[in-house]
Amino acid sequence: MILRGNNTAKAIFFDVDDTLYDHLQPLRRALQEVLELPEAFDYALAYHRFRYYSDWLSAQEDLSAVPKQDAVERMRCRRFELTMADFGIELQPGQAQELQRRYLSRQFEITPFQGAYDLIRRLLAEGHTVGLVTNGEGQHQRRKLEALDVFGLVDEQRVFISGEVGYAKPDGRLFEHVNKQTGTTADNSYYVGDSWRNDVAGAVDAGWNIIWFNHREASPESDHQPHFTARNYEEISQFLTFE
């Protein structure tokens, strides 16, 4: 698909977790190491439930972009308990905490999705504004970005982390902040993200164009309408072709 219109440069921003790289891998390793789950276990479904409970608990506990650390720790452990309960597995005392510890320790052993950096390089070469918008604590997310070697590709001034900005997706103020800081407009901005609640709903409500990176074949959670749905970076690249 080719986007037709004027030749004005666009603004394209990417989510990080499970959009720039495969976020399932750290979770898979944590579950295997602590619970000794077999290869046949449905890790993809577990990841979907894990992300769902992360977002749901954050909303239930009203965790802001800069939340209290004890509230975050409760959420992080509780999401493991709820996720495994969906598979009929009751965690023993201390296992949720150990899962979280292993999960965090594996989050810096990551590589970008195939085609992601090729697309970013092309968009930059075409003169578009390209950046990242991600939820999370600033130092933690920056360690991931350093592991991905992303700062050699994307201008650090165009990297927006909720814990540093003060607003978290799906709060429209985060998207407004990005537009203000980069001198771009909502109608000329495109966002690529995997989370329905944070990325699709957040970007649509902010007036942005949203490419839903639905590589896990998730189901919509609301009436929001993504402008395009992609399963891989080849499809994302085809959509982000401007004339």
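Residues numbered from 1 in each chain as written. Predicted model: local features only at pLDDT ≥ 70, side-chain atom pairs only at ≥ 80, totals over all residues. Heavy atoms only, no water.

You'll find the chain entered in an unreviewed UniProt entry as HAD family hydrolase, with Paenibacillus amylolyticus given as the organism.

A. Spatial organisation of the packing of helix α2 (residues 43–60) against helix α3 (residues 69–85). Direction vectors running N to C along α2 and α3 enclose 135 degrees, while the axes themselves pass 9 Å from each other. In this view, α2 runs oblique relative to α3, as classed from their interaxial angle. Crossing of α2 over α3 shows right-handed handedness. Here α2 contributes A46, R49, F50, Y53, S54, W56, L57 and S58 to the contact with α3, which in turn contributes M75, R78, R79, F80, L82 and T83. Its residues placed into classes, the contact of α2 with α3 shows eight nonpolar, three polar and three charged. (Axes fitted to C-alpha atoms, helices over the stretch in contact; angles between N-to-C directions. Helix = DSSP H or I, 4+ residues; strand = E, 2+ residues; numbered from the N terminus. Parallel < 35°, antiparallel > 145°, perpendicular 65-115°, else oblique. Left-handed = near helix turned anticlockwise from the far one by under 90°. Contact = heavy atoms within 4.5 Å. Nonpolar A, V, L, I, M, F, W, Y, C, P; charged D, E, K, R; others polar.)

B. Fine view of the packing of aromatic side chains. In total, this model carries 18 aromatic pairs according to the counting rule given. Relative to Y43, the ring of F41 has its centre 5.1 Å away and its plane inclined at 75 degrees; by these criteria the two rings are edge-to-face. Joined through ring pairs, the aromatic side chains of F13, F160, F175, Y191 and W208 make up one cluster. Above the plane of the ring of F108 lies R143, whose end atom (NZ or CZ) is 3.8 Å from the centre. Across the ring face of Y47, the terminal group of R216 is positioned such that the distance to the ring centre comes to 4.7 Å. (Phe/Tyr/Trp six-rings, centres within 6.5 Å; stacked < 30°, edge-to-face > 60°. Lys NZ or Arg CZ within 6 Å of the ring centre and 35° of its normal.)

C. Structural detail: the sheet that holds strand β4 (residues 189–193). The parallel open sheet is built from six strands, whose spatial order is β3-β2-β1-β4-β5-β6. The outermost strands of the open sheet, each flanked by one partner alone, are β3 (159–161) and β6 (228–230). Recorded for the sheet is a direction-independent mean angle of 20 degrees between the axes of neighbouring strands. Its contacts with the sheet place helix α5 (residues 116–125) against β1 (11–14) and β2 (129–134), and it is angled at close to 160 degrees to β1. Each of β4 and β5 (209–213) touches helix α9 (residues 196–205); the most contacted strand, β5, lies at about 160 degrees to it. (Pairing = 2+ DSSP bridges.)

D. Structural detail: α5. For α5, the complete set of buried residues consists of A116, Y117, L119, I120 and L123. Buried residues of α5, viewed axially, fall in a sector of 155 degrees; they line one side. Facing away from the buried side of α5, by more than 90 degrees, are the exposed residues D118 and A125. For α5, the elements touching its buried residues are β1, β2 and α10 (233–239). The first or second residue beyond α5 is G127, which carries a positive phi of 95 degrees. (Buried < 20%, exposed > 50% of the residue type's maximum accessible area, 1.4 Å probe, protein only. Arc of directions from axis to C-beta.)

E. Just the domain arrangement of the chain, in detail. Assigned domains of the chain: these are domain 1 (11–22 + 110–242) and domain 2 (23–107). Here the C-alpha centroids of domain 1 and domain 2 sit 23 Å apart. Contacts between the two partners involve 19 residues from domain 1, matched on the other side by 15 residues from domain 2. Taking both sides of the interface into account, the surface hidden between domain 1 and domain 2 amounts to around 1,400 Å²; carbon and sulfur atoms contribute 51%. Counting the surface domain 1 buries against domain 2, the share from its top three residues, D22, R197 and R216, is 36%. (Domains from an automatic or database assignment. Buried area = accessible area lost by both parts, 1.4 Å probe.)

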